[in-house]
Amino acid sequence: RGDWCELYLHGDPRIYYDMLQVKGPKRKYLPEATKSILIVRPNNVAAAKKAFAHLDCTVVTGSRYLGGFIGEALEQDTWVRGKTINWVAAIRELSKVAEHFPQAAYAGLSKSLQHEWQFLQRVTKGLSNEFRDVEEALHHDFLPALFGEEQVDDAIRQLSSLPVKKAGLAIPNPMTTAESNWTSSTVICGHLVAAIRGRVEFRSADHQQIRNSGIAEMKKRQLEVSSEKLETILRAQPEGRRRTIRRGEQTGAWLSVLPSTVNGTELSAQEFRDALLMRYGITPPDLPATCDGCEGKFTLQHALSCKKGGLVIFRHNEIRDELVYLAGKALTPSAIRDEPLIRTGRIADRMSPCPTSATSSPAAGEDDRGDILLRGFWARGTDCIVDVRVTNTDAKSYRHRDPEKVILTQEKEKKRKYLEACLEQRRHFTPFVCSTDGMLGREASTFAKRLSAKLASKWQRPYSQVCGYVNARLSIAIVRATHLCLRGSRIPASHISSKRPQWEDGAGLALFEC
């Protein structure tokens, strides 16, 4: 069982078993009759038991085989029912895990558990209705636990069934995927099926060609269907939420990685849930009523924009530090510098007005600095200055503009300010502009691709694998930085204690006596 299979349509099955007894040992396989299973039609059970009585093998009308089932429909239904009961129980166990560790539970479902029933759907035809209980458990148990809500509406369930690249969670409805999974499997394995049936001679090259073209065509069709479903869902949503959900097509890299302390990709339960809710335009339910920094009304937009307490600066620095870390892996440590001057030497002198006094202040722009300087990033022997900006594309002033155009405008603004001065010094300038939910500008995306290419060359790994790693790290960093603005404290240290000495620097220490 599980080691060999003989398919026969006519004749005595004992012939095939005897043939296996002769040919098996030549291939280091020794068949054991007591472990063998013979599957026959109900009207042939008695004859089969009589014919194989001397071998003591098991004669049945249906049995599991290689993850699927061979035999009568009634027995198949019973077997599938047992599998779905186990899957429902597993989903409910994962729902309990999701209450405290939503990222791990989501990874367990999306990367492992759901692939078990998807495999069964690929090898067994017509299983749509059998997965009704599985879908009920996903909709009413797992997703509420994942979002931290009592229940989720139908729109969220429909969105969650879409791929991550289509603003979804890649948790498809198993009732609707059964037919498409079976069709995809039969198309991709078309040459194998034809060869087994004796219609064509098996050729490995033909199988690979049909398999590759079939996979490409199925992916294309699935993306088209997903795009149509997304548009249908969005038409029923208000404008603000529609705008947020549509951005989710470009901001889901943090959902596609396994949580790992070693890789630095783990998120706390609150970080994960806040990001998940904001991905679908839902305000987290447990926000404070007032801001602890400015005492204004605390809303999601206020949290992302309030400059009190320096959290907006910390958000910027989190993303800058992640870029420094990744660049440090691709370049040597000596090739990276922090906060470089944009204008240096004679460039700065030429832009400075004539001093009117010995105490005149520096000219405007003379002390402008970038965030990172990278030596040899775009070309050997040249410097690249990277300037980071994080923008809230849902801010009041941007609410009626396309998010991509908002980011593009800010890239052009950075270039107008710094590009000419950098070019005069034979330097490259890259504005790294991203949104608070992880949408990268064109320049930032190009920068990430170049960084991935350098890492792939240094590590000797496939570019696609390294690109996924870089995008995931950047996405995780943005999620954490945005969460800091949402949940961080804006109360400065100077306001914590009222019992302070009346001096501020070390000179006052002379007044202190032990």
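Bear in mind that the values here come from a model prediction, so they are computed numbers and not experimental data. (Residues numbered from 1 in each chain as written. Predicted model: local features only at pLDDT ≥ 70, side-chain atom pairs only at ≥ 80, totals over all residues. Heavy atoms only, no water.)

### Remarks on helix H9 (residues 204-235)
Part 1 of the argument: Given a rise of 1.5 Å per residue, 32 residues ought to cover 46 Å, and the 47 Å separating the end C-alpha atoms of H9 matches this to within 8%.
Part 2 of the argument: What H9 keeps buried is the set His207, Gly214, Met218, Ser226, Leu230, Ile233 and Leu234.
Part 3 of the argument: In this structure, the buried side of H9 is in contact with helix H6 (154-160), helix H7 (174-188), helix H8 (190-196) and helix H10 (239-247). (Helix = DSSP H or I, 4+ residues; strand = E, 2+ residues; numbered from the N terminus. Expected span 1.5 Å × (residues − 1). Buried < 20%, exposed > 50% of the residue type's maximum accessible area, 1.4 Å probe, protein only. Contact = heavy atoms within 4.5 Å.)

### Some words on the packing of helix H16 (residues 442-459) against helix H17 (residues 463-487)
Part 1 of the argument: Their axes nearest at 8 Å, the elements H16 and H17 cross at an angle of 130°. When the interaxial angle is binned, H16 and H17 end up oblique. Between H16 and H17 lies a crossing whose hand is right-handed. Contacts from Ala448, Lys449, Leu451, Ser452, Ala453, Leu455, Ala456 and Trp459 of H16 reach H17 at Tyr463, Val466, Cys467, Tyr469, Val470, Asn471 and Leu474.
Part 2 of the argument: Grouping the constituent residues of the contact of H16 with H17 by class yields 12 nonpolar, two polar and one charged. (Axes fitted to C-alpha atoms, helices over the stretch in contact; angles between N-to-C directions. Parallel < 35°, antiparallel > 145°, perpendicular 65-115°, else oblique. Left-handed = near helix turned anticlockwise from the far one by under 90°. Nonpolar A, V, L, I, M, F, W, Y, C, P; charged D, E, K, R; others polar.)

### Focus on the sheet that holds strand S8 (residues 427-435)
Part 1 of the argument: Strand order in the open sheet formed by four strands is S5-S6-S7-S8, with mixed pairing between adjacent strands. The sheet is open, and its two edges are formed by strand S5 (336-338) and S8, each paired on a single side. The average undirected angle you get between the axes of adjacent strands in this sheet is 25°.
Part 2 of the argument: As judged from the four bridges shared by strand S6 (residues 372-375) and strand S7 (residues 383-391), these two strands associate in the antiparallel manner. For Arg375, the partnering residue across the bridge sits in S7 and is Asp383.
Part 3 of the argument: Against the sheet, helix H13 (residues 311-330) makes contact with S5, S6, S7 and S8, and its axis sits at roughly 145° relative to S7, the strand it touches most. (Pairing = 2+ DSSP bridges.)

### Examining the pattern of salt bridges
Part 1 of the argument: Within the structure shown, the criterion is met by 24 salt bridges.
Part 2 of the argument: Ionic pairing is found between Glu322 and Arg473, a salt bridge with its closest N-O pair at 3.0 Å. With a gap of 151 residues between them, Glu322 in helix H13 and Arg473 in helix H17 connect regions that are remote in the sequence. When sorted by exposure, Glu322 lands in the same class as Arg473, which is buried.
Part 3 of the argument: A salt bridge links Asp387 to Lys414; the shortest N-O distance between them is 2.4 Å. (Salt bridge = Lys/Arg side-chain N within 4 Å of Asp/Glu carboxyl O.)

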